[in-house]
Amino acid sequence: MGNYFQPEIECASPEQIRSWQDERLVKTVRHVYQNVPYYRSLMEKKGITPEDIRSVDDLHKLPFLTKDDLRDAYPYGLLAMPLSDCVRIQSTSGTTGRRVVAFYTQHDIDLWDECCARAIVAAGGTKEDVVHVCYGYGLFTGGPGLNGGSHKVGSLTLPMSSGNTERQIQFMVDLGSTILCCTPSYAAYLAESIHERGLRDKIKLRAGIFGAEAWSEEMRRDIQDKLGIKAYDIYGLTEISGPGVSFECSEQTGMHINEDHFIAEIINPETGEVLPDGEKGELVFTSISKEAFPLLRYRTRDICVLSRKKCSCGRTHVKMSKPMGRSDDMLIIKGVNVFPSQIETVLLNKGYPANYQIVVTRVNNSDKLEVQVEMTPEMFSDSLGEISGREKELVDALKAMLGIYADVHLVAPKTITRSEGKAVRVIDKRKLY
Ligand code: DLL
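My aim in this report is to walk through the structure given alongside it, one point at a time. (Residues numbered from 1 in each chain as written. Predicted model: local features only at pLDDT ≥ 70, side-chain atom pairs only at ≥ 80, totals over all residues. Heavy atoms only, no water.)

Description of empty space enclosed by the protein
So, point 1. A complete count under the given rule lists 1 cavity of 30 Å³ or more for this structure.
So, point 2. In this structure, the largest cavity encloses a volume near 50 Å³.
So, point 3. In terms of lining residues, the largest cavity is bounded by Leu-70, Ala-73, Tyr-74, Pro-75, Leu-78, Val-100, Val-101 and Phe-293.
So, point 4. Here the lining of the largest cavity is built from residues that sort into 8 nonpolar, no polar and no charged. (1 Å grid on protein atoms, 1.4 Å probe; cavity = no way out; pocket = protein on both sides within 12 Å on 5 of 7 lines; lining within 4 Å. Points joined across faces, edges and corners; volume = space filled by probe spheres on them. Nonpolar A, V, L, I, M, F, W, Y, C, P; charged D, E, K, R; others polar.)

Some thoughts on helix α10 (residues 340–349)
So, point 1. Counting buried residues in α10 gives 7 out of 10 residues, a clear majority hidden from the surface.
So, point 2. Looking only at α10, the buried set comprises Pro-340, Ile-343, Glu-344, Thr-345, Val-346, Leu-347 and Leu-348.
So, point 3. The inward-facing, buried residues of α10 abut α9 (217–227), β16 (336–338), β17 (356–363), β18 (366–374), α12 (384–402) and β20 (426–428).
So, point 4. Within two residues after α10, Gly-351 carries a phi angle of roughly 90°, on the positive side. (Buried < 20%, exposed > 50% of the residue type's maximum accessible area, 1.4 Å probe, protein only. Helix = DSSP H or I, 4+ residues; strand = E, 2+ residues; numbered from the N terminus. Contact = heavy atoms within 4.5 Å.)

What about the site of the ligand?
So, point 1. Near the ligand there are 21 residues, and of these Asp-233, Ile-234, Thr-238, Asp-302 and Lys-422 occur at the shortest range.
So, point 2. Measuring from a nitrogen atom of the ligand, one finds a side-chain N or O atom of Asp-233 at 2.8 Å.
So, point 3. Here Ile-234 contributes a backbone N or O atom positioned 2.7 Å from a nitrogen atom of the ligand.
So, point 4. Bound to the protein, the ligand loses 92% of the 610 Å² it would expose on its own.
So, point 5. In terms of residue count, strand β7 (residues 230–237) provides more of the shell around the ligand than any other element does, 5 residues in total.
So, point 6. Broken down by class, the residue content of the shell around the ligand amounts to 9 nonpolar, 6 polar and 6 charged. (Near = heavy atom within 4 Å. Polar contact = N/O pair within 3.5 Å; in protein donor to acceptor, adjacent residues only side chain to side chain. Areas by Shrake-Rupley, 256 points an atom, 1.4 Å probe, with all protein chains shown as cover.)

Structural measurements only, silent on function.
Given below as structure tokens:
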């Protein structure tokens, strides 16, 4: 238990961070080469040995690793420690293809908890806080990660898991929760439910730590206003440990990556070329402190930008922007690249709640984009003429943003299914044809 703002690490000089990275990278490469035949053969195919990797400057020589590699190697093929030294597994949801399973030694769990503790402290958390965790527990990393971080900080931890909104709100009121941890879509749903019950004055929340899915600045503002809190972003992925790979500080302008544990690169997703800081591309991570499941140059598919601009919080670790979508989330509709986040920005800017669904179909060999959007109760009481005027206004705004026509349907409040975990925003029916 303790103060997990660690200035000697989080505010270290770039030279110091670089020297940790050099040393830990060399050690990790040796570790996987010796203990993971899958890695050894990938490196041999590229004609390199651990001796070729002497510092971060040599990182580009290593092969990339993709989710397909993880699926090929399922379940034990990338394990770098004896199974008897592992104490935990976590896993991705596995909605497409085989699940990915990540292994942890006790050292790996401690490191992960520490990363989450840093995130909680950056959101103003202390041992006086009541941390309400309603990310799912179990194989998903959200619940266990924030739970471990909260313990390290010494806060009172409510391991609520997801679901049962009635009980969530009851505990929030009764136990005086001060920090809420869940997906942004569930935070929006909780905010809506708290308002409906007239309980806004009975809750003591002052901060939220929201991640695991894309959310826009507009959605942040909406949640902050409705709950009267400051909402912080947190990012991570199961393969690299879970939440806490990066987190926001009070500046709210991007997430500091824990560079003493992870090296970040941005690459051109088409060519694999490494891009300079400030350019948009695919985020690639190399974990340099993990024992059981260290990954070298893992392609996340998340598209973002890195920034080394000085941060007012004093932390020196590089910041990543909010992911602007995943390269595999991008929809190609009528030949045009469409990110769901672009649609969300238009809707929230026009005053709609973040309850929407994007449906893509193919009619007569042509793609059709439909956007179903919930109205607020006030809009719902408008006349039919006014509602169709609103639909037309949204069609125009979406055309201006995307460059293509979208069929817009305004639907009654509460029609679109609420999510307790990651929201399902896109239904691409073309995959069924
Ligand atoms: O979502 C880990 C996590 C749990 C992060 C709780 C934050 C909070 P996975 O289920 O493996 O792990 O999904 C990882 O989710 O590659 C991103 O595409 C997306 N993602 C995670 N955090 C964010 C975020 C967890 N803050 C995938 N903003 C990642 C946008 C995010 N996308």
